[in-house]
Amino acid sequence: KQEVTQIPAALSVPEGENLVLNCSFTDSAIYNLQWFRQDPGKGLTSLLLIQSSQREQTSGRLNASLDKSSGRSTLYIAASQPGDSATYLCAVPSSGSARQLTFGSGTQLTVLP
Amino acid sequence: EAGVVQSPRYKIIEKKQPVAFWCNPISGHNTLYWYLQNLGQGPELLIRYENEEAVDDSQLPKDRFSAERLKGVDSTLKIQPAELGDSAVYLCASSTTGQVGTDTQYFGPGTRLTVL
């Protein structure tokens, strides 16, 4: 059974800092990995999708990397801003079901002005 | 383009009462998902539809939960009777059914259920 762990559970940084969020998964036989953002009281917004054949994906100040063999992914946020404050979740397809996602519990990020 | 629409946004009911949630996916998305999200946790899949067919409902507690997706568009998730432990956010998501590994899921804002 696929299990996803995110560390840390919460992170608080001053504005302008670069930061890294971590995600690990137990079953490396995945098609892709996705990073989502969730604002309080809102649904999830997809940030980046990395296919299994890729090593990383970039979107603006966000860069996500994937190391399938070690079961790890990182989300790098450059020059953080207060508007980046949210919960960040990673998700991978569940074992035996490519279209069913298993989510981590998320990292709650607070960027202080 | 409108996103995934869910209603109601909030619902407070007493235990043992029935409750229903409605979802309208993005136009053209034939895959629809219902998730349950407890506080401080990631979403957990309850059921997945491909058009009208429920293709993955192994996580749906079928003794009290039911879902339908008539005409392969809108969907309704029902709980009857509700229990205290059902208090959570119920999220709906949709996607196209493209090549495995490429489909991004788009989420609605969710319905926050409180059972008293």
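None of these values were measured; they are calculated from a predicted model.

Participant: Just checking my understanding: could you explain the packing of aromatic side chains for this structure?
Facilitator: Note on aromatic pairs: each is described by the distance of the centres and the angle between the planes. Inspection of every chain in the model, using the stated rule, returns seven aromatic pairs over all chains. Ring centres of F103(A) and Y35(B) lie 5.8 Å apart, and the angle between their planes is 90°; on these two criteria the pair is classed as edge-to-face. With F103(A) in strand β10 (residues 97-103) and Y35(B) in strand β4 (residues 31-37), the pair connects residues from two separate chains. Residue Y35(B) is classed as buried on the basis of its relative accessible area, which comes to 0%. The interplanar angle of 25° and the centroid separation of 4.8 Å between the aromatic rings of F21(B) and Y90(B) together place this pair among those described as stacked. Taken together, the residues span a long stretch of sequence, with F21(B) in strand β3 (residues 19-24) and Y90(B) in strand β9 (residues 88-95) at a distance of 69 residues. Of the two residues, F21(B) and Y90(B), neither departs from the other in class, the shared state being buried. Within the aromatic cluster, the residues linked to one another by ring pairs are F36(A), F103(A), Y33(B), Y35(B) and F107(B).

Participant: How should I be thinking about the interface of chain A and chain B in this particular structure?
Facilitator: How large an interface is tends to be reported as the accessible area lost when its parts come together. On the side of chain B, 26 residues touch chain A, which itself brings 21 residues to the contact. Overall, the association of chain A and chain B removes approximately 1,800 Å² of surface from exposure, summing both partners, and the carbon and sulfur fraction of that is 48%. Contact with chain B buries area across many residues of chain A, yet L44(A), R99(A) and Q100(A) alone supply 37% of it, more than any other trio. Summed over the shared surface of chain A and chain B, the result is zero salt bridges. At the junction of chain A and chain B, the tally comes to three residue pairs in polar contact (both at pLDDT 80 or more). Of all the elements in the fold, those that place two or more residues in the side of chain A that touches chain B are β4 (32-38), β5 (44-51) and β10 of chain A. Per-class residue counts for the side of chain A that touches chain B are eight nonpolar, 11 polar and two charged.

Participant: What should I look at first to understand the side chain of D86(B) in this one?
Facilitator: All names here are of chain B. Following the sequence through the fold, D86 ends up in the loop between β8 (75-79) and β9. D86 sits in the buried class, given a relative accessible area of 5%. The contact partners of D86, leaving out residues within four places of it in the chain, are R64, F65, I79, P81, L113 and V115.

Participant: Is there a simple way to explain the environment of A10(A) in this structure?
Facilitator: Residues and elements named next belong to chain A. Its location among the elements puts A10 in strand β2 (residues 10-14). Expressed as a C-alpha distance, the spacing of A10 and Q108, which sit 98 residues apart in the sequence, is 4.5 Å. With residues up to four places along the chain from it excluded, the contact list for A10 reads T107 and Q108.

Participant: Explanation requested: the state of the cysteines in the structure shown.
Facilitator: A covalent bond between the sulfur atoms of two cysteines is what we call a disulfide. Residue and element names in this part refer to chain A. All chains considered together, the criterion is met by two disulfides over all chains. Residue pairing for C23: its cysteine sulfur links by disulfide to C90, the two sulfurs lying 1.9 Å apart. One disulfide, between C23 and C90, carries an S-S torsion of 75° and so falls in the right-handed class. Placement of the pair is C23 in strand β3 (residues 19-25) and C90 in strand β9 (residues 86-94), with a sequence separation of 67 residues. In terms of burial, C23 and C90 fall into one category: buried.

Participant: Which parts of the structure should I look at to understand the pattern of salt bridges?
Facilitator: Opposite charge on two side chains makes pairing possible when the charged atoms of those side chains draw close. Residues and elements named next belong to chain B. Under the definition given, this model contains six salt bridges over all chains. For E50, the salt bridge goes to R48, with nearest N and O atoms at 2.6 Å. The burial state of E50 is the same as that of R48; both residues are buried. One salt bridge connects R64 with E83, and the closest N-O pair in it is separated by 3.3 Å.

Criteria and cut-off values
Residues numbered from 1 in each chain as written. Chains lettered and ligands numbered in written order. Predicted model: local features only at pLDDT ≥ 70, side-chain atom pairs only at ≥ 80, totals over all residues. Heavy atoms only, no water. Phe/Tyr/Trp six-rings, centres within 6.5 Å; stacked < 30°, edge-to-face > 60°. Helix = DSSP H or I, 4+ residues; strand = E, 2+ residues; numbered from the N terminus. Buried < 20%, exposed > 50% of the residue type's maximum accessible area, 1.4 Å probe, protein only. Contact = heavy atoms within 4.5 Å. Buried area = accessible area lost by both parts, 1.4 Å probe. Salt bridge = Lys/Arg side-chain N within 4 Å of Asp/Glu carboxyl O. Polar contact = N/O pair within 3.5 Å; in protein donor to acceptor, adjacent residues only side chain to side chain. Nonpolar A, V, L, I, M, F, W, Y, C, P; charged D, E, K, R; others polar. Disulfide = S-S within 2.5 Å.

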